[in-house]
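# A closer look at the structure
What follows is each chain in one-letter form.
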Amino acid sequence: MAMRGWPLIKLLPQKTNFHFVKYARFAGVLSVILCIAAIVSCFYPGLNMGIDFRGGASMEVSKPAGQTIELDRVREAVNGLNLGDVQVQGIARRDTNVDDGSTAILRFQVPEGRDQTQVVNQVEGAISGAVGQVNYSGVSVVGSKVSGELFTSGLLALGVAIGLMFLYIWFRFEPQFGFGAVVGLLHDVILTFGLIVLFKLEFSLNMVAAVLTVIGYSMNDTVVVFDRLRENLRKYKTMPLRDVIDLSLNETLSRTIITGVTAVMVLAALAIFGGEALFGFSIALMFGIIIGTYSSIYVGAPIILLWGVKRGALADDAKPVKLGMASRP
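Residues numbered from 1 in each chain as written. Predicted model: local features only at pLDDT ≥ 70, side-chain atom pairs only at ≥ 80, totals over all residues. Heavy atoms only, no water.

## Details of the pattern of salt bridges
- Under the criterion given, the structure shown has six salt bridges.
- Across the pair arginine 75 and aspartate 72 runs a salt bridge whose closest N-O atoms are separated by 3.1 Å. With arginine 75 and aspartate 72 both in helix α3 (residues 71–79) and three residues apart, this pair spans about one turn of that helix.
- Accessibility expressed as a relative area gives 53% for aspartate 72, which makes it exposed.
- The salt bridge partner of arginine 228 is glutamate 251, with a shortest N-O separation of 2.9 Å. Placement of the pair is arginine 228 in helix α7 (residues 205–235) and glutamate 251 in helix α8 (residues 241–273), with a sequence separation of 23 residues.
- By relative accessible area, which is 8% here, arginine 228 ends up buried.
- Each of Arg228, Glu231 and Glu251 takes part in a single network of salt bridges with overlapping partners. (Salt bridge = Lys/Arg side-chain N within 4 Å of Asp/Glu carboxyl O. Helix = DSSP H or I, 4+ residues; strand = E, 2+ residues; numbered from the N terminus. Buried < 20%, exposed > 50% of the residue type's maximum accessible area, 1.4 Å probe, protein only.)

Now the structure itself:
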């Protein structure tokens, strides 16, 4: 016999009537304060740069074919030397071009003022003590100049992504929609950087990928809200703008909650079971999804309220282009 009330998604209210705009001013002040604090924290104490952006050394560690290197034990052994960011990744053997678990690439930082040869010897000794006899390849060093160029390229990628998002929203909607979306994106990116500094997460290329993913998620959620807002502006031509915004946010709320909770659940599992290498990536993404949902409600939409909308530009004969599930709550 089927259980009554299942699936549990039926327990969510079909219609809500929250007055989001009523608290927009308080939320705006809070967002400004948090963004200023996050920007200041990026300069002092600053980002905890990983090997990708600070520079360091790498070496290949291998065992005879058929034997396996325990990557977690290698990472724990090198972490015990307090060298900062440590990355261990399995790779394919050079002779067979097959990843059989017998070969790994190790990256670690060489602290300033310490002799590189001495540090490498300490790393080799720690690894041998943890996993037994292994073979080591020559050490290659990533200089600070190359790392600095990589950091600049990473920031440039973030800037280009935000710029392209603005162009898309400007083309898709009106300029004020694009401005609201970009402000929301900057809000999400700045606060994500603040989280990275607050919890002293390693800022590496993985973290750049996390921030880019946050930008994509935030924009997707914003487009859903803006698309419903534009439809309601056509439908309710005489309704006050603040009421239309509240109505649109309530109509998309269930979709936003379901999507956000699903993504956070997956990322929570990744943070718990994905190991140290994926922990920071997962935490940044979870925070970005939560703050991206917040910005769609309390950053992007209120800016449209402040700017205003020309209802004449949203004539009935201007058919909106549907974006997948964007028009559904």
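Next, the rest of the story.
## Brief notes about the nonpolar core
- One finds Phe177 and Phe203 to be the most contacted residues of the largest nonpolar core, which totals 52 residues.
- Of all the secondary structure elements, the ones that give two or more residues to this core are α1 (24–46), α5 (144–172), α6 (175–198), α7, α8 and α9 (276–307).
- If near-sequence neighbours (up to four positions away) are discounted, phenylalanine 177 is found in contact with Ile169, Phe226, Leu229, Leu233, Ile304 and Val309. (Core = buried A, V, L, I, M, F, W, Y, C linked by side-chain atoms within 4.5 Å. Contact = heavy atoms within 4.5 Å.)

## A short note on a nonpolar patch on the surface
- Among the surface-exposed residues, Leu156, Val160, Leu164, Phe166, Leu167, Trp170 and Phe171 lie close enough to one another that they form a single nonpolar patch of about 760 Å² accessible area.
- For leucine 164, the location among the structural elements is in helix α5. (Patch = residues over 30% accessible without salt bridge, like charges linked within 9 Å, V, L, I, M, F, W, Y side chains within 5 Å. Areas by Shrake-Rupley, 256 points an atom, 1.4 Å probe, with all protein chains shown as cover.)

## Some words on empty space enclosed by the protein
- Evaluated as defined, the whole model comprises one cavity of 30 Å³ or more.
- Contributing to the lining of the largest cavity are Asp221, Val225, Leu249, Thr252, Leu253, Thr256, Ser296 and Ile297.
- Listing elements by their share of the lining of the largest cavity, those giving two or more residues are α7, α8 and α9.
- Counting residues per element, the lining of the largest cavity draws most heavily on α8, which supplies four residues.
- Looking at the lining of the largest cavity, its residues break down into four nonpolar, three polar and one charged. (1 Å grid on protein atoms, 1.4 Å probe; cavity = no way out; pocket = protein on both sides within 12 Å on 5 of 7 lines; lining within 4 Å. Points joined across faces, edges and corners; volume = space filled by probe spheres on them. Nonpolar A, V, L, I, M, F, W, Y, C, P; charged D, E, K, R; others polar.)

## As for the packing of aromatic side chains
- In the structure shown here, the tally under the stated rule is five aromatic pairs.
- Considering the side-chain rings of phenylalanine 193 and phenylalanine 203, the 5.4 Å spacing of their centres and the 40° angle between planes classify their relative orientation as tilted. You can see phenylalanine 193 sitting in helix α6 and its partner phenylalanine 203 sitting in strand β7 (residues 202–203), a full ten residues away along the chain. With respect to burial, phenylalanine 193 and phenylalanine 203 carry one shared label: buried.
- The structure contains a cluster of three or more aromatic residues connected by ring pairs, namely Phe18, Phe20, Tyr294 and Tyr298. (Phe/Tyr/Trp six-rings, centres within 6.5 Å; stacked < 30°, edge-to-face > 60°.)

## With respect to the environment of aspartate 95
- Topologically, aspartate 95 is positioned in the loop between β3 (86–90) and β4 (103–108).
- By relative accessible area, which is 57% here, aspartate 95 ends up exposed.
- Here the alpha-carbon distance between aspartate 95 and alanine 65, two residues 30 residues apart in the chain, equals 9.8 Å.

## So, the pairing of strand β2 (residues 56–62)
- Counting buried positions over the seven residues of β2 gives seven, a clear majority of the element.
- Across the two faces of β2 the burial is the same, with Gly56, Ser58, Glu60 and Ser62 and Ala57, Met59 and Val61 all buried.

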